[in-house]
Amino acid sequence: MTRQSSTAPPGGTISTRPLGRLADGRLVDLLVLRNNRGMQASISSYGGIITSLIAPDLEGEPADVVLGFDRLDGYLAGHPYFGAIIGRYANRIGKGSFTLDGETSILARNDGENHLHGGIAGFDKALWKARPVSTPDGPQVELEYSSVDGEEGYPGRLDVTVTYTLTHDNELRVRYHATTSRPTHVNLTSHSYFNLAGPESSDVSDHLLTINADRFTPVDAGLIPTGELRSVDGTPMDFRTPVAIGARIDGVDEQLRFGGGYDHNWVLNTTGSKLSLAAKVSEPTSGRLLEVLTTEPGIQFYSGNFLDGRQLGKQGRAYGRRCAFCLETQHFPDSPNQPQFPTTVLRPGLVYDSTTVYRFRVSDPRQMKDRSPS
Ligand code: BGC
């Protein structure tokens, strides 16, 4: 592996190096973005995966705050979507089918009888064309992928561009664009598993979470929304003020039982498609604070319930149950079959355009208060 190149946008750098090869011989690159504030994001052209995200703590100490593997082989061996771009449809589509304009599409059923995260070979397993770009905001990677008509059962050829920009304001901005040749459904997200305490930490139960949502979409036992938008009031789903992730997670509650913990979509208190604050997580030992802003109407908070320690990640660490959390911005699960939900239909001539920002800050741990509703 000798190929190594580097470009230097104002105040930041991007370097590209080979990460390995796919079984069919195609080369996978790793692009490493560094801003001028001590943050670093590594992006693989395979799956558009964020393989590491290094952020400073209150003392300025950097640590990797996402799960993943040291080598490409780890990703190729199979994993629960660590850091990947998810498409064509983030989360579940009930019974793996939908009917659009009278035409029924049958998708892969890769989660019991349901379709999950784009199917068997979704965007997380695609080889994206990756290009480093200098922008005044910070170093950027532009990823392109063209999904053929009928891929994983979806209608239309979908041309997708995802850009990751690491801004000098310690934000990782993710912008998704897509166009289609035929009417189809699109719902893209990014699937990082975060632990803001850093790689030595094996539990996120003390992280304090806030979600800007008065309602969530309750699910059935297969984690498909029932169609109801239910108030969070008086439930363990109420994160309108900061609450420790672990505070209520094992309580007696049908929704928590279905998810094995949190694995639900919250209906964000936002209107229109303006970028607005969706969620906030603070970690009391490191002082790291993550804010998630999005143009999407929903966010999936998943508390890593299905991690079981069998996955050996970076430096051989076993990733156990709830050692990380995901905050996946999205349209609501199963929208193709739930006409009352905001639509995920994309038609030829229109552009799918969605932005999510992961903003890293630090805050004095003494200011981080668990205001758990009792
Ligand atoms: C889903 C979980 C799933 C996980 C990994 C999350 O987005 O909500 O149910 O287990 O992804 O596939």
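I will try to describe carefully the structure that is included in this document. (Residues numbered from 1 in each chain as written. Predicted model: local features only at pLDDT ≥ 70, side-chain atom pairs only at ≥ 80, totals over all residues. Heavy atoms only, no water.)

A tally of helices and strands in the protein yields two helices and 28 strands. Here the C-alpha radius of gyration of the protein, 20 Å, is about what a compact globule of 374 residues would show, namely 21 Å. Each principal axis of the C-alpha distribution contributes one length, and for the protein these read about 50 × 50 × 40 Å. Considering the protein as a whole, with its 374 residues, one finds that 58% of them fall into the buried category. Here the analysis covers contacts within the protein between residues at least 6 apart in sequence; of these, 65% occur between residues at least 24 apart. Taken as a whole, the protein presents about 14900 Å² of accessible surface, with 49% of it coming from carbon and sulfur. Separation of charge centres in the protein, based on 37 positive and 43 negative side chains, amounts to 3 Å. (Helix = DSSP H or I, 4+ residues; strand = E, 2+ residues; numbered from the N terminus. Rg over C-alpha atoms; globule rule 2.2 N^0.38 Å. Buried < 20%, exposed > 50% of the residue type's maximum accessible area, 1.4 Å probe, protein only. Contact = heavy atoms within 4.5 Å. Areas by Shrake-Rupley, 256 points an atom, 1.4 Å probe, with all protein chains shown as cover. Lys, Arg positive; Asp, Glu negative; His and termini not counted. Charge placed at Lys NZ, Arg CZ, Asp CG, Glu CD.)

Read across the open sheet, the nine strands follow the order β12-β13-β14-β15-β28-β24-β23-β18-β21; overall the sheet is antiparallel. A single partner strand is all that each edge strand has here, and the edge strands are β12 (129-135) and β21 (243-244). The pairing of strand β23 (residues 276-282) with strand β24 (residues 288-294) spans six bridges and is antiparallel. Bridge pairing in β24 links V281 to L290. (Pairing = 2+ DSSP bridges.)

For β23, the buried fraction is high: five of the seven residues fall into the buried class. Bridge analysis of strand β18 (residues 208-211) against β23 gives four bridges, and the strand direction is antiparallel. Paired with L209 across the strands is V281, a residue of β23. Counting the residues that bridge the hairpin from β23 to β24 gives five residues, and of these G287 lies at a positive phi of roughly 80°.

Moving on, we come to the sheet that holds strand β19 (residues 213-217). Taking strand neighbours across the sheet as the criterion, the five strands line up as β20-β19-β22-β25-β26 in an open arrangement whose pairing is antiparallel. The outermost strands of the open sheet, each flanked by one partner alone, are β20 (230-231) and β26 (326-330). Across five bridges, the pairing between strand β25 (residues 298-302) and β26 is antiparallel. Bridge pairing in β26 places Y302 opposite C326.

What surrounds the ligand is the set Y81, N91, R92, L116, H117, H191, Y193, D263, Q300, Y302, F306 and E328. A distance of 2.9 Å separates an oxygen atom of the ligand from a polar side-chain atom of H117. The separation between an oxygen atom of the ligand and a polar side-chain atom of E328 is 2.5 Å. Burial of the ligand by the protein chains amounts to 94% of its free accessible area of 310 Å². Structurally, the ligand is housed in the second largest pocket. A class-by-class count of the residues in the shell around the ligand yields five nonpolar, four polar and three charged. (Near = heavy atom within 4 Å. Polar contact = N/O pair within 3.5 Å; in protein donor to acceptor, adjacent residues only side chain to side chain. 1 Å grid on protein atoms, 1.4 Å probe; cavity = no way out; pocket = protein on both sides within 12 Å on 5 of 7 lines; lining within 4 Å. Sits in = over half its atoms within 2 Å of the grid points. Nonpolar A, V, L, I, M, F, W, Y, C, P; charged D, E, K, R; others polar.)

For the rest of this paragraph, the subject is the nonpolar core. With 59 residues, the main nonpolar core has L53, I211, W266, F301, F325 and F360 as its most contacted residues. Apart from residues no more than four positions distant in its own chain, F360 is found in contact with M39, L53, A55, V65, D169, N170, F194, L196, L289 and L290. L30, Y75, Y319 and C323 belong to the second largest nonpolar core, which has 24 residues in total. (Core = buried A, V, L, I, M, F, W, Y, C linked by side-chain atoms within 4.5 Å.)

Attention now goes to unusual backbone geometry. A cis geometry characterises the amide bond from G87 onward to R88, with omega recorded as 5°. Relative to the elements of secondary structure, R88 occurs in the loop between β7 (84-86) and β8 (92-93). The backbone phi angle of L223 is positive, close to 65°, even though this residue is not glycine.

In this section: the layout of surface pockets. Its boundaries defined by the atoms lining it, the largest pocket holds a volume of some 350 Å³. The volume enclosed by the second largest pocket comes to roughly 280 Å³. Lining the second largest pocket are 17 residues, with P80, L116, Y193, Y302 and F306 positioned closest to its centre. Classifying every residue of the lining of the second largest pocket by side-chain character gives eight nonpolar, five polar and four charged. (Points joined across faces, edges and corners; volume = space filled by probe spheres on them.)

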